[in-house]
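# Analysis of the macromolecular model
Next come the chains, spelled out residue by residue.
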Amino acid sequence: MMQKLINTKQFTILVFILTMALKLFMFPTLILKIAGHDGYLVIAIALLIEFIILLMILYIFRLFPDLTFYEILEQTLGRITAKALVAVFAFYQIIKISLAINEIKLFFTISATVNISWPISVIPLVFLFAFCAVKTLRSIGRFSEFLCPYILISMIVLMVMFVGNIDFENLLPFLNISPKKFFTGIYHFPIWYADFSLLFIFMGKIKQSKFFVGWSLIGFAVSSLLVVFFSCILFSSYTNIPELLDFGHNISNLSLFSTSHTYGRFDLLIFTIWIITVFIEAILLFYMVTRNIAYIFEKENYPIISAIAAVILYIVSVFVFKSDQVLYTFATGIMVYFTMFFEFILPVFVLLSASIKKLWEKRKQKEEMKAEDEA
């Protein structure tokens, strides 16, 4: 039996973090510019889609608590096809890490107005990813468990700072959104709201408690409510002046509509804690990239693999996507199809494969029991 690396509590915290990591900075702004003040409904539907994906993944984990993601792919597709699929999966994840890095960049350069040389500043960031990739999932789980209380406190403080100074009447009239805009918001930005295929890295590596599924769904529910709440704050603030928004303007700029400026940009310290969620998602993505590469080449020399992956990530983030607009165009172009495949189709495929495998095992077990009775 494979060693269990993380427990139910740590997994729940990671679900909580992944649910909101890439949805609380640029995503609400992108939706608002397309769907208007009813954009929070688009975000709610996106979360509903992700909820369905999470349910499927949790069911797979329950069906086969000891089977890994790579094992089920091999048993279903064969080794060569499975490796080809994992290679494309690694490419998709490199792009998604670049997107996460860009959101971190936007926060510090625009919201926090820090004057930094990004090609130099990104070096310690990718080094951090490489360092974490040679550790275990248990280490990442403990790190997330340690930081979770501070993230929750930052959420509460921000809610107190903003809620009394926002006019939620700006969200009216209700359902004032065209089907075309609604569909556009869902279709164009899945790379920002679909995050749970990453959970396959935990397959076969969780010590599942009796209420494993329930706790995971609670973590998702709490995080989803926070995403919708802060999105509503952004929409109610900017619904009449969307022209002020650009690609670098996100929820961390909301203090412009609160009394926080009376005390300086104290809120930026809180947002810095908040953005740790993006760091954690990027770390997990990079971790899975290294495991994907290790699976493809059947090598477990993680330090070397992590170093190579870090160099590739640096080149992609700094030289391929030289500007925010280039990355944005790519993420809402061909990457939409990659995202839909890996975030939506792949979980369905794995679920069907796992279900068929389970039914086959039950049938085989019954046949063996019947043969023993006849003997």
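Residues numbered from 1 in each chain as written. Predicted model: local features only at pLDDT ≥ 70, side-chain atom pairs only at ≥ 80, totals over all residues. Heavy atoms only, no water.

## Observations regarding the overall build of the protein
In terms of helices and strands, the protein carries 15 helices and 2 strands. A buried classification covers 54% of the 375 residues belonging to the protein. Expressed as a percentage of contacts within the protein between residues at least 6 apart in sequence, the contacts between residues at least 24 apart total 88%. Counting only carbon and sulfur atoms, one obtains 69% of the accessible surface of the protein, whose full area is about 16,800 Å². (Helix = DSSP H or I, 4+ residues; strand = E, 2+ residues; numbered from the N terminus. Buried < 20%, exposed > 50% of the residue type's maximum accessible area, 1.4 Å probe, protein only. Contact = heavy atoms within 4.5 Å. Areas by Shrake-Rupley, 256 points an atom, 1.4 Å probe, with all protein chains shown as cover.)

## Focus on the packing of helix α7 (residues 137-163) against helix α12 (residues 276-297)
Where α7 contacts α12, the axes come no closer than 11 Å and their chain directions differ by 170°. The angle between α7 and α12 falls in the class roughly antiparallel. Only I276, T277, I280, I283, L284 and Y287 of α12 make contact with α7, whose side of the interface consists of L137, I140, F143, S144, L147 and I151. Residue composition of the contact of α7 with α12, grouped by class: 10 nonpolar, 2 polar and no charged. (Axes fitted to C-alpha atoms, helices over the stretch in contact; angles between N-to-C directions. Parallel < 35°, antiparallel > 145°, perpendicular 65-115°, else oblique. Nonpolar A, V, L, I, M, F, W, Y, C, P; charged D, E, K, R; others polar.)

## Re the side chain of T19
Residue placement: T19 occurs in helix α1 (residues 8-21). Using a relative accessible area of 0% as the deciding quantity, one classes T19 as buried. There is a polar contact of 2.6 Å between the side chain of T19 and the backbone oxygen of V15. In contact with T19, not counting residues within four places along its chain, are L47, E50, F196, F220, S223, S224 and V227. (Polar contact = N/O pair within 3.5 Å; in protein donor to acceptor, adjacent residues only side chain to side chain.)

## A short note on α12
For α12, with 22 residues, the first-to-last C-alpha span of 32 Å sits near the 32 Å given by 1.5 Å per residue. Most of α12 is tucked away: 21 of the 22 residues are buried. One or two positions beyond α12, positive phi appears at E298, with a value near 55°. (Expected span 1.5 Å × (residues − 1).)

## Considering the packing of helix α2 (residues 26-35) against helix α8 (residues 179-188)
It is the contact of α2 with α8, at a shortest axis distance of 9 Å, that shows an interaxial angle of 160°. In terms of orientation, α2 and α8 fall into the roughly antiparallel class. α2 and α8 meet at a crossing whose hand is right-handed. Of the residues in α8, those in contact with I31, I34 and A35 of α2 are K181, T184 and G185. Taken together, the residues of the contact of α2 with α8 sort by class into 3 nonpolar, 2 polar and 1 charged. (Left-handed = near helix turned anticlockwise from the far one by under 90°.)

## Some thoughts on the packing of aromatic side chains
Under the defined criterion, the tally for this structure stands at 26 aromatic pairs. When the centroid spacing of 6.3 Å and the interplanar angle of 15° are considered together, the rings of F89 and Y92 count as stacked. Of the two residues, F89 and Y92 are both situated in helix α5 (residues 79-111); the distance of 3 residues between them amounts to about one turn of the helix. F89 gets classed as buried once you look at its relative accessible area, which sits at 1%. For the ring pair F229 and F230, a centre distance of 5.3 Å and an interplane angle of 85° mean the geometry is edge-to-face. (Phe/Tyr/Trp six-rings, centres within 6.5 Å; stacked < 30°, edge-to-face > 60°.)

## Points about unusual backbone geometry
The phi torsion at E298 lies on the positive side, around 55°, for a residue other than glycine. Mapped onto the secondary structure, E298 falls in the loop between α12 and α13 (302-320).

## Re the environment of A282
Looking at the element boundaries, A282 is found in helix α12. Spatially, the C-alpha atom of A282 lies 9.9 Å from that of L22, the residues being 260 residues apart in sequence. Sequence-distant contacts of A282, defined by excluding residues within four places in its chain, comprise I97, A100 and F129.

## What about the nonpolar core?
Within the largest apolar cluster, 134 residues are counted, with the highest numbers of intra-cluster contacts made by F11, F69, L199 and F202. Per-element accounting of this core gives the leading share, 16 residues, to α12. Look past the residues within four positions of L199 in its chain and what remains in contact with it is F11, V15, L18, L54, I57 and F61. (Core = buried A, V, L, I, M, F, W, Y, C linked by side-chain atoms within 4.5 Å.)

## Here we look at the pattern of salt bridges
Enumeration according to the criterion identifies 10 salt bridges in this entry. Across the pair R79 and E74 runs a salt bridge, and its minimum N-O distance is 3.4 Å. For R79, a relative accessible area of 46% puts it in the partly exposed group. The class of E74 is partly exposed, set by a relative accessible area of 25%. Note that E343 and K96 form a salt bridge whose closest N and O atoms lie 3.6 Å from each other. Linking E343 in helix α15 (residues 335-374) with K96 in helix α5, this pair joins segments that are 247 residues apart in sequence. Residue K96 is classed as buried on the basis of its relative accessible area, which comes to 1%. (Salt bridge = Lys/Arg side-chain N within 4 Å of Asp/Glu carboxyl O.)

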